[in-house]
Amino acid sequence: SLMLDQYGDYSIKGTWLFRALIAVRFYKALFWIALIICFVSAVMPVRHAVPALPWDKANHFLAFYMLMLLATLAFPARSLIWMAIGLSMFGAAIEIVQGLHFVGRDRDFWDWVADSVAIVAAQLPMILQEVRRHFLLSASQVQSITNTDR
């Protein structure tokens, strides 16, 4: 996947690896921007907040679903479980900050539940794909064993 550049040196520019590295940097930037926007909008006074959806729990679900998708794209080598735990802790931290008297927002356990459900929902297709891959590998191993017995 290395290419010779105009000087005869090897370069990764123009290769799929280079494009993947650029994409990961782009998704990392998007993730951190989204995380900051999420935090700021969660702690700003309610009168200044602009909800995306009419129901508060749906807003939480949408925000954390998108954060989990962006985290998955931004940190492809990281464990999904640790990303989920980190984002869930971030949601809990938001609720703790909202409960501080000077913030002027209400702490709500069910907001954190909506955050956590969204995180799991965002991971579900990846989890199902991994389970499917595991069963396909197991099935192919069983088939190769039964074929060698003949």
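Everything below is about the structure shown above.
Note that the structure is predicted; figures quoted are calculated from it, not measured.

**Some words on the packing of aromatic side chains**
Under the definition given, this model contains nine aromatic pairs. Judged by centre distance (5.5 Å) and plane angle (90°), the ring pair of Phe 31 and Phe 75 falls under edge-to-face. Highlighted residues: Phe 31 in helix α1 (residues 16-43) and Phe 75 in the loop between α2 (56-74) and α3 (80-98), separated in sequence by 44 residues. Since its relative accessible area comes to 6%, Phe 31 is described here as buried. With centroids separated by 6.0 Å and ring planes inclined at 45°, the aromatic side chains of Phe 64 and Phe 90 adopt a geometry described as tilted. Of this pair, Phe 64 sits in helix α2 while Phe 90 sits in helix α3, placing them 26 residues apart in sequence. Accessibility classification places Phe 64 together with Phe 90 in one group, the buried group.

**Digging into the layout of surface pockets**
Reported here for the largest pocket is a volume of approximately 750 Å³. Ser 41, Ala 42, Pro 51, Asn 59 and His 60 are the residues nearest the centre of the largest pocket, which is lined by 33 residues in total. For the lining of the largest pocket, the elements supplying multiple residues, two or more each, are α1, α2, α3 and α4 (109-148). Element by element, the count of residues in the lining of the largest pocket is highest for α2, at ten residues. Of the residues assigned to the lining of the largest pocket, the class counts are 21 nonpolar, five polar and seven charged.

**Some words on the pattern of salt bridges**
Tallied over the entire structure, the rule returns four salt bridges. Between Lys 57 and Asp 108 there is a salt bridge, with its nearest N and O atoms 2.8 Å apart. Pair noted here: Lys 57 is in helix α2 and Asp 108 is in the loop between α3 and α4, with a separation of 51 residues, a long-range link. A relative accessible area of 18% means that Lys 57 is categorised as buried. A relative accessible area of 23% places Asp 108 in the partly exposed class.

Procedures and definitions
- Residues numbered from 1 in each chain as written.
- Predicted model: local features only at pLDDT ≥ 70, side-chain atom pairs only at ≥ 80, totals over all residues.
- Heavy atoms only, no water.
- Phe/Tyr/Trp six-rings, centres within 6.5 Å; stacked < 30°, edge-to-face > 60°.
- Helix = DSSP H or I, 4+ residues; strand = E, 2+ residues; numbered from the N terminus.
- Buried < 20%, exposed > 50% of the residue type's maximum accessible area, 1.4 Å probe, protein only.
- 1 Å grid on protein atoms, 1.4 Å probe; cavity = no way out; pocket = protein on both sides within 12 Å on 5 of 7 lines; lining within 4 Å.
- Points joined across faces, edges and corners; volume = space filled by probe spheres on them.
- Nonpolar A, V, L, I, M, F, W, Y, C, P; charged D, E, K, R; others polar.
- Salt bridge = Lys/Arg side-chain N within 4 Å of Asp/Glu carboxyl O.

Read these as geometric descriptors, not functional statements.
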